[in-house]
Amino acid sequence: MRLSTDPDRDEERALATLRAAREAGVRLFDTAAAYGRNAREHHGERLLARAFGAGLGELEVVTKAGMARPKGGWRPDGRRKTILADAEASRRALGVEALDLLLLHAPDPRVPFATSVRALATLLERGVAEAVGLSNVRLDQLEEARAIVPIDCVQVALSPFDEDAVRGGVVERCFELGIRVLAHSPLGGPKR
């Protein structure tokens, strides 16, 4: 995210960082439609496509849909039309036929959660995404989503500074079900 959202971002340094990560053995890259200076830029995805080109198919790319960036801020946008449009734009930005793994960036309190999850199911059915998952969810939301679509992965804030996903049962439930867990902000995020 920081490679794309910082006001003074350096494209060449970002590309070198991504390539160094791959050379060091990293095979999973986490990005999002909203990783850029605005939500429609898809900068993080375009960086990955530029860094790896045809070699992108040898890696797993996790991307996220359903986040707005009003005036540089962060606001969930879980409307069906937004999630569908973000996914299509992500596919174009990455230059792929189908997204490896698409996550709902965060629940939108203004939209019924099931509406957002059904949009993920539509993308899975249409072949826009090979797998879908959730980010920043509680245990009850995970269970609600599982009743609608198979969930491949859940991404949660998880660090020595943030154990809410462990205390709330999300991580344990994922392990019980064989759902992959990705930690975001494992070192505490930019503020730490």
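Residues numbered from 1 in each chain as written. Predicted model: local features only at pLDDT ≥ 70, side-chain atom pairs only at ≥ 80, totals over all residues. Heavy atoms only, no water.

J.: Go over the layout of surface pockets with me, naming the residues and quoting the values.
T.: Quantified by volume, the largest pocket comes out at close to 1,000 Å³. Contributing to the lining of the largest pocket are 34 residues, with Met1, Arg2, Asp30, Tyr35 and Ser185 lying nearest its centre. Counting only elements with at least two residues in the lining of the largest pocket, the list comes to helix H1 (2-5), helix H2 (11-23), strand E1 (28-30), helix H3 (43-52) and strand E8 (180-184). Considering only residue class, the lining of the largest pocket consists of 19 nonpolar, 12 polar and three charged. Reported here for the second largest pocket is a volume of approximately 420 Å³. Taken together, 20 residues form the lining of the second largest pocket, with Asn136, Ala157, Asp162, His184 and Ser185 sitting closest to its centre. (1 Å grid on protein atoms, 1.4 Å probe; cavity = no way out; pocket = protein on both sides within 12 Å on 5 of 7 lines; lining within 4 Å. Points joined across faces, edges and corners; volume = space filled by probe spheres on them. Helix = DSSP H or I, 4+ residues; strand = E, 2+ residues; numbered from the N terminus. Nonpolar A, V, L, I, M, F, W, Y, C, P; charged D, E, K, R; others polar.)

J.: Can you tell me about the environment of glutamate 144, naming the residues and giving the values?
T.: Relative to the assigned elements, glutamate 144 resides in helix H6 (residues 139-146). Glutamate 144 sits 27 residues away from valine 117 along the chain, and the two C-alpha atoms are 8.9 Å apart. Every residue in contact with glutamate 144, bar those within four places of it in the chain, is listed here: Phe113 and Ala114. (Contact = heavy atoms within 4.5 Å.)

J.: Would you mind going over the packing of aromatic side chains in detail, with residue names and values included?
T.: All chains considered together, the criterion is met by two aromatic pairs. Their ring planes at 50° and their centres at 5.2 Å tell us that phenylalanine 29 and phenylalanine 52 sit as a pair that is tilted. Here phenylalanine 29 is found in strand E1, whereas its partner phenylalanine 52 is found in helix H3, with 23 residues between them in sequence. You'll find phenylalanine 29 and phenylalanine 52 in the same group, each marked buried. Taken together, a centroid distance of 6.3 Å and an interplanar angle of 80° make the contact between tyrosine 35 and tryptophan 74 edge-to-face. Separated by 39 residues along the polypeptide, tyrosine 35 in the loop between E1 and H3 and tryptophan 74 in the loop between strand E3 (67-68) and strand E4 (75-76) bring together distant segments of the chain. When its relative accessible area of 39% is taken as the criterion, tryptophan 74 is described as partly exposed. Note that arginine 69 overlies the ring of tryptophan 74, its terminal NZ or CZ placed 3.8 Å from the centroid. (Phe/Tyr/Trp six-rings, centres within 6.5 Å; stacked < 30°, edge-to-face > 60°. Buried < 20%, exposed > 50% of the residue type's maximum accessible area, 1.4 Å probe, protein only. Lys NZ or Arg CZ within 6 Å of the ring centre and 35° of its normal.)

J.: Just give me the short version of the packing of helix H5 (residues 113-125) against H6, but keep the residues and values in it.
T.: H6 packs onto H5 with a crossing angle of 50° between their chain directions and a minimal axis gap of 10 Å. Our classification of the angle between H5 and H6 gives oblique. Our pair here, H5 against H6, has a crossing hand that is right-handed. Along its contact with H5, which presents Phe113, Ala114 and Val117, the element H6 presents Gln141, Glu144 and Ala145. When the residues that make up the contact of H5 with H6 are grouped by side-chain class, the tally is four nonpolar, one polar and one charged. (Axes fitted to C-alpha atoms, helices over the stretch in contact; angles between N-to-C directions. Parallel < 35°, antiparallel > 145°, perpendicular 65-115°, else oblique. Left-handed = near helix turned anticlockwise from the far one by under 90°.)

J.: I'd like a rundown of the nonpolar core, residues and numbers included.
T.: Core analysis: the largest hydrophobic core is formed by 41 residues, its most contacted members being Leu48, Phe52, Leu102, Leu134, Ile151 and Val154. Per-element tally for this core: the top contributor is H5, with six residues. In this structure, Val62, Leu103, Ala131 and Cys153 belong to the second largest nonpolar core, which totals six residues. (Core = buried A, V, L, I, M, F, W, Y, C linked by side-chain atoms within 4.5 Å.)

J.: Explain unusual backbone geometry to me, using residue names and the numbers behind them.
T.: Not every positive phi belongs to a glycine, and histidine 42 is a case in point at roughly 55°. Even without being glycine, asparagine 136 reaches a positive phi, approximately 60°. Its location among the elements puts asparagine 136 in the loop between strand E6 (132-135) and H6. The exposure class of asparagine 136 is partly exposed, given its relative accessible area of 33%.

J.: Which residues make up the side chain of arginine 69, and what values do they have?
T.: Here arginine 69 lies in the loop between E3 and E4. Here the side chain of arginine 69 touches glycine 36 through a polar contact of 2.6 Å, landing on its backbone oxygen. A distance of 2.8 Å separates the side chain of arginine 69 from the backbone oxygen of glycine 72, its partner in a polar contact. (Polar contact = N/O pair within 3.5 Å; in protein donor to acceptor, adjacent residues only side chain to side chain.)

J.: Give me the lowdown on H3, citing residues and values where you can.
T.: Counting buried positions along H3 gives eight out of 10 residues, so the element sits mostly inside the fold. The complete set of buried residues in H3 reads His43, Gly44, Glu45, Leu47, Leu48, Ala49, Ala51 and Phe52. The inward-facing, buried residues of H3 abut H1, H2, E1, strand E2 (60-65) and helix H4 (80-94).

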